[in-house]
Amino acid sequence: MARNEKEESIHIGFRETITLILPYFQKKIWDQIKAVIWIVLYLALFQLFILRIPIKEAGLIALGISAVVLGLAFFLEGLFLGLMPLGEALGLRLPQKLGIFSIILFSILMGVGATLAEPAITILRACGSKVAPWDAPLLYFLLNEGSFYLYLSIAIGVGISVVFGMLRFLFGFSLMRILVPTIVILLGVSIYAYFDENLKFISGLAWDSGAVTTGPVTVPLVVALGIGISKVAEKNDQSSAYGVVTLASLFPILSVFLVGMYFSGKLPKPMPEEVFFKQGIKLEEAKLLLGDSYKVPSTKEVSLPKKISPPEFFIKAKENIFDAFELAIRAILPLSIFLLLFLGLILKEKISYPEEVFLGIGFSIIGLSIFNFGIIFGLNKLGDQVGGKLPSTFRSIELIDSTKFIPNFNPKSVLKAVNEDGKEEKFFYLKERKSYTGIPYHEENWNQKNKVYEYVPIHGPIFGKEDNLLGYLVVLVFAFFLGYSATLAEPALSALGNTVEETTVGTFRKSLLIQSVAVGVGLGTLLGMLKILLEIPLVWIVVPIYLLLLFLNTFSKSEFIDIAWDSAGVTTGPITVPLIIAMGLGIGNQMGTVDGFGILAAASAFPILSVLIMGMIVENSRKLSLRDSELKEK
């Protein structure tokens, strides 16, 4: 929109400014509340009424979820005002002023920067503590001491995919020319990894990494850049900007596998816990695996929990807030400076509306800081709690987070009882508030030195005997609705729906796309849950699904192929990723599964399937309507 050359300056006071801005921000925050509230209510009510377990640290989780809502509102507004206009401006000017080599170099750097700025990538760091170094050394290394190599490999994978995406826009070749060979290579590498002791445990992480990268920073920035380039590319006969998101979710999978192959030989193979603690690994391997604490302890250390006093809690909270802010600065600022310098110094272009751009960058940093804090203390904690308790529907589980330490325990209070088989069992009574509860006594839980008895409460099975079928069905139904409702909360899906409805001239309606994708993610989450419950290797899931997708591609129109494959990347955003990863790792820990990853990979594949099928139905309906119209005209 053109602006008047002479603009009159109008002075607006602080109160008037607040009066003007407040309704706008209220609307933005209300939009985020509407998106998040249903998934939060679903999780909370499921834990309270189906699992029948109170929510631990409910106040802190509520504060965290409020931070997610506020953080997302600021962050998305910041992207809209700051980074997206910069991306589109660069996309418009790059082909006009630079050669192909410079565009390739810029695309790699931008892809790397955008990926490192993704809020969801920090979720992987939180997952490191849930993996035992003896169960899966390579997976433990990549999530802990080697997390830098993991992030860098994911970022480089996205950078390379942006290069292919931009070349596609410049030269106008079909997405399938890149997609088919990439999928074939990925399936081949996955099959190879299945037969390697170390690599097979990072298959879930590698495939999930592809889903984690396509978040709220990478997707709008890359799409904005693609739109800019496609507007000026002479050889591009396609009006859409689809396809880059798909590639951005595939190349990181390959790069994570390659990094895993490099380190696999330098790390020990999986081994029993007893062997690990008895110096079962070499010193060089221990140093690489455990970093500064490379000296492997001879015994497993057990320490009693320490109560945190209010001052210690506030100090800890302040450190976490500072860390979240530092993380946001490191993510957004270098990327913004790079884009601004490239536009100003290399392309010699002035920034349009610099006040808005700088305000947007500021909003992005503030929003990402609040969002990071909220993810750690809100969605991640809630997803972890529900996921960890899910097996209680069909199996009795230990509530580790409810462990009680009874001080000054006197063994003389232990009594004996006889069970149904006539065997003697020991127990004691514990008084909590006004009631007495019989607690089973186990000799190994009694610490004579500290005179403390450690008691871990047992919960479940809720729906019958051990390993009952109804309990399993409840878990699978829960997984479906978790994937379905979390997808509806994703902000990027609504934006994709608008674009698809516009580019297909209303043939593929926005509501139809959203429902197709949500059902697909729900089915994928269900299958991912089944993978963890039955310990199905991920390769058995991804190989048949992706072969089926390639087969269906041959019967689909190119515009629906691009939409379907991009849908997979868009669905795994800031809401879905922390919830599904936390839930998968939580239930994986309870089931004793080494690798709780892979649910996101399945959740990403099924939307492609559902949208491809829906596209074929829409296209068939369109053909039938045209034929009926022609017959009526005759």
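For the structure, see preceding data.
Residue numbers restart at each chain and count upward from 1, following the sequence in its written direction. Residues qualify for local features only when their pLDDT is at least 70, as the model is predicted, and side-chain atom pairs are given and counted only at 80 or more; totals for whole chains, interfaces and linings, by contrast, use all residues. Side-chain numbers here rest on the full set of heavy atoms in the structure, without hydrogens or water.

1. Overview of the overall build of the protein chain
Moving on, step 1. Each helix is a run of DSSP H or I of at least 4 residues and each strand a run of E of at least 2, with the numbering of both proceeding from the N terminus. Check the secondary structure of the protein chain and you find 21 helices and eight strands.
Moving on, step 2. Here the C-alpha atoms of the protein chain give a radius of gyration of 27 Å, agreeing with the 26 Å that 2.2 N^0.38 yields for 634 residues.
Moving on, step 3. Its C-alpha atoms give the protein chain principal-axis dimensions of roughly 90 × 65 × 55 Å.
Moving on, step 4. In what follows, residue pairs with any heavy atoms lying within 4.5 Å of each other are defined as contacts. For the protein chain, the proportion of contacts with a sequence separation of at least 24, taken over those separated by at least 6, is 82%.
Moving on, step 5. All accessible areas in this document rest on Shrake-Rupley with a 1.4 Å probe, and a residue is counted as covered only by the protein chains that are shown. Counting only carbon and sulfur atoms, one obtains 63% of the accessible surface of the protein chain, whose full area is about 31,200 Å².
Moving on, step 6. Within the protein chain, the 54 negative side-chain charges are centred at a point lying 3 Å from the centre of the 54 positive side-chain charges. What the globule rule says is 2.2 Å times the number of residues to the power 0.38, and the radius of gyration is computed from C-alpha atoms. Residues scored as positive are Lys and Arg, those scored as negative are Asp and Glu, and His as well as the terminal groups of each chain are ignored. Charge placement uses NZ in Lys and CZ in Arg. For Asp and Glu, CG and CD serve respectively.

2. Looking at the environment of V222
Moving on, step 1. Its location among the elements puts V222 in helix α9 (residues 218-232).
Moving on, step 2. Residues V222 and E88 lie 134 residues apart in sequence; the distance between their C-alpha atoms is 8.8 Å.
Moving on, step 3. Apart from the residues lying within four places of it in its own chain, the contact partners of V222 are M110, V162, M166 and V244.

3. Overview of the sheet that holds strand β5 (residues 435-440)
Moving on, step 1. With antiparallel pairing, the three strands of this open sheet are ordered in space as β3-β4-β5. Of all strands in the sheet, those with a lone pairing partner are β3 (415-418) and β5, marking the two edges. Taking the axes of each pair of neighbouring strands and ignoring which way they run, one obtains an average angle of 45° across the sheet. For two strands to pair, DSSP has to find at least two bridges joining them. Working convention: axes come from line fits to C-alpha atoms, limited for helices to the stretch in contact. Angles between N-to-C directions cover 0 to 180 degrees.

4. Focus on the sheet that holds strand β6 (residues 446-447)
Moving on, step 1. Spatial ordering of the open sheet is given by β2-β7-β6, a layout of three strands whose pairing is antiparallel. On the outer flanks of this sheet lie β2 (404-407) and β6, each paired with one strand and no other.
Moving on, step 2. The pairing of β2 with strand β7 (residues 452-455) spans four bridges and is classified as antiparallel. In the strand pairing of β7, F405 is matched with E454.

5. What to know about the pattern of salt bridges
Moving on, step 1. Any Lys or Arg side-chain nitrogen located within 4 Å of an Asp or Glu carboxyl oxygen qualifies as a salt bridge. Counting across every chain of the model gives eight salt bridges.
Moving on, step 2. In this structure, the salt-bridge partner of K27 is D31, at a minimum N-O distance of 3.3 Å. Highlighted residues: K27 and D31, both in helix α1 (residues 14-50), separated by four residues, approximately one helical turn.
Moving on, step 3. Residues R395 and D467 are paired through a salt bridge, measuring 2.9 Å at the closest nitrogen-oxygen approach. Within this pair, whereas R395 is found in the loop between α14 (354-389) and β1 (397-398), its partner D467 is found in the loop between β8 (458-459) and α15 (469-488), the two being separated by 72 residues in sequence.
Moving on, step 4. A residue is classified by how much of its surface remains accessible, and R395, at 26% relative accessible area, is partly exposed. Here the term buried applies to any residue with accessible area under 20% of the maximum for its type, exposed to any over 50%, and partly exposed to those in between, with areas from a 1.4 Å probe on protein chains only.

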